Amino acid sequence: GLRMIIDQAPDLEVVGEATTGEQALSALRATRAPVALVEVGLPGMSGIDLLRAIAASDLPTNVVMLTTYDHDELVRESFRAGARGYLMKTAPPTMVLDAIRVAAVPHGGSMLSPEITQRLVDDSLRGPAATQSAEHDLSRLTESELRVLRLVARGLSNLEVAGRLMVSEATVKSHMSGILRKLDLRDRVQCVIAAYEAGLVTPGRG
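Model, not experiment: these values are computed from the prediction.

Conventions adopted
Residues numbered from 1 in each chain as written. Predicted model: local features only at pLDDT ≥ 70, side-chain atom pairs only at ≥ 80, totals over all residues. Heavy atoms only, no water. Core = buried A, V, L, I, M, F, W, Y, C linked by side-chain atoms within 4.5 Å. Buried < 20%, exposed > 50% of the residue type's maximum accessible area, 1.4 Å probe, protein only. Helix = DSSP H or I, 4+ residues; strand = E, 2+ residues; numbered from the N terminus. Contact = heavy atoms within 4.5 Å. Pairing = 2+ DSSP bridges. pLDDT = per-residue confidence, 0-100. Polar contact = N/O pair within 3.5 Å; in protein donor to acceptor, adjacent residues only side chain to side chain.

**Student:** Help me understand the nonpolar core in this model?
**Tutor:** Soluble, globular proteins show a tendency: their nonpolar side chains are buried together. Grouped together as the largest cluster of nonpolar side chains are 26 residues, with contacts concentrated most on Val38, Leu50, Ile54, Met65, Tyr86 and Leu112. Take this core: its biggest share by element is four residues, from helix 3 (residues 47–56). Apart from the residues within four sequence positions on either side, Tyr86 is in contact with Val40, Met65, Thr67, Tyr69, Leu74, Val75, Ser78, Phe79, Met111, Leu112, Ser113 and Ile116. If you look at the next biggest cluster of nonpolar residues, it comprises 23 residues, including Leu146, Leu156, Leu200 and Val201.

This is how it looks when you write it as structure tokens:
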């Protein structure tokens, strides 16, 4: 089913398939594919172990987890290991294709299923007040960075943020780099959570 969806996209091509992590590593060494769609629950080597093996190698491959497992810790562990996306297998085909395209950009963004994003945000909001730490002090950000962070927290891609603010995508990426550095964050998902924890955005409001 995935092959059929991907092969219908004019800019994408399936170059290999595997049923275990070990087979996937062999296929990636042979093809050096820029993107791999990986299931968390692989037999033998888990999908997250495969992700770590890819990250520790010289392979140019970015990984999007495409799975039936939506446990929060698996999501966090995947992003800590270097995943560029985490989607449920119920995601619409357009979202899967968009995640592949985003992951194909060497220093691009990441994608997360909306339902997982909302749950991570909700869990953070229910957490103890100690999460309101100095690392989420948004006073370190410029007005431009705050505008970008607010839109990113609402789920907009870099391209969509650029269109909304009428700036170039390169400018948005520059602001994102500044946000990650100043707030000591690792990725886009942490940016979303930090924006909610700091009160820059609230559920259900723009």
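**Student:** Got a minute to help me understand the sheet that holds strand 1 (residues 35–38) in this structure?
**Tutor:** Hydrogen bonds between backbone atoms are what pair the strands of a sheet, whose relative direction is either parallel or antiparallel. Within the open sheet, the four strands sit side by side as 1-2-3-4. Their pairing is parallel. Edge positions in the open sheet fall to strand 1 and strand 4 (111–112), since each of these has one partner strand only. Relative to strand 2 (residues 62–67), strand 1 runs parallel, the two being bridged by four bridges. Each residue of the ladder has a partner; that of Leu37, found in strand 2, is Val64.

**Student:** Would you explain the confidence of the model for the protein chain in this entry?
**Tutor:** Reading predicted coordinates in detail is not appropriate for stretches of low pLDDT. The predicted model of the protein chain has a mean per-residue pLDDT of 83, with 88% of residues at 70 or higher. In the model of the protein chain, helix 6 (residues 114–126) stands out as the element of lowest mean pLDDT, 63, in contrast to strand 1, which has the highest, 96. Contacts from residues 127–134, a stretch scored under 50 in pLDDT, to residues over four places away or in other chains number five contacts.

**Student:** What exactly am I supposed to notice about the environment of Arg32 here?
**Tutor:** Mapped onto the fold, Arg32 is located in the loop between helix 2 (21–31) and strand 1. Considered as a pair, Arg32 and Thr61 are 29 residues apart in the sequence and their alpha carbons are 6.8 Å apart. Leave out the neighbours within four places in its chain, and Arg32 touches Ala27, Asp58, Leu59 and Pro60. Of the polar contacts made by the side chain of Arg32, one reaches the backbone oxygen of Asp58; its length is 2.8 Å.

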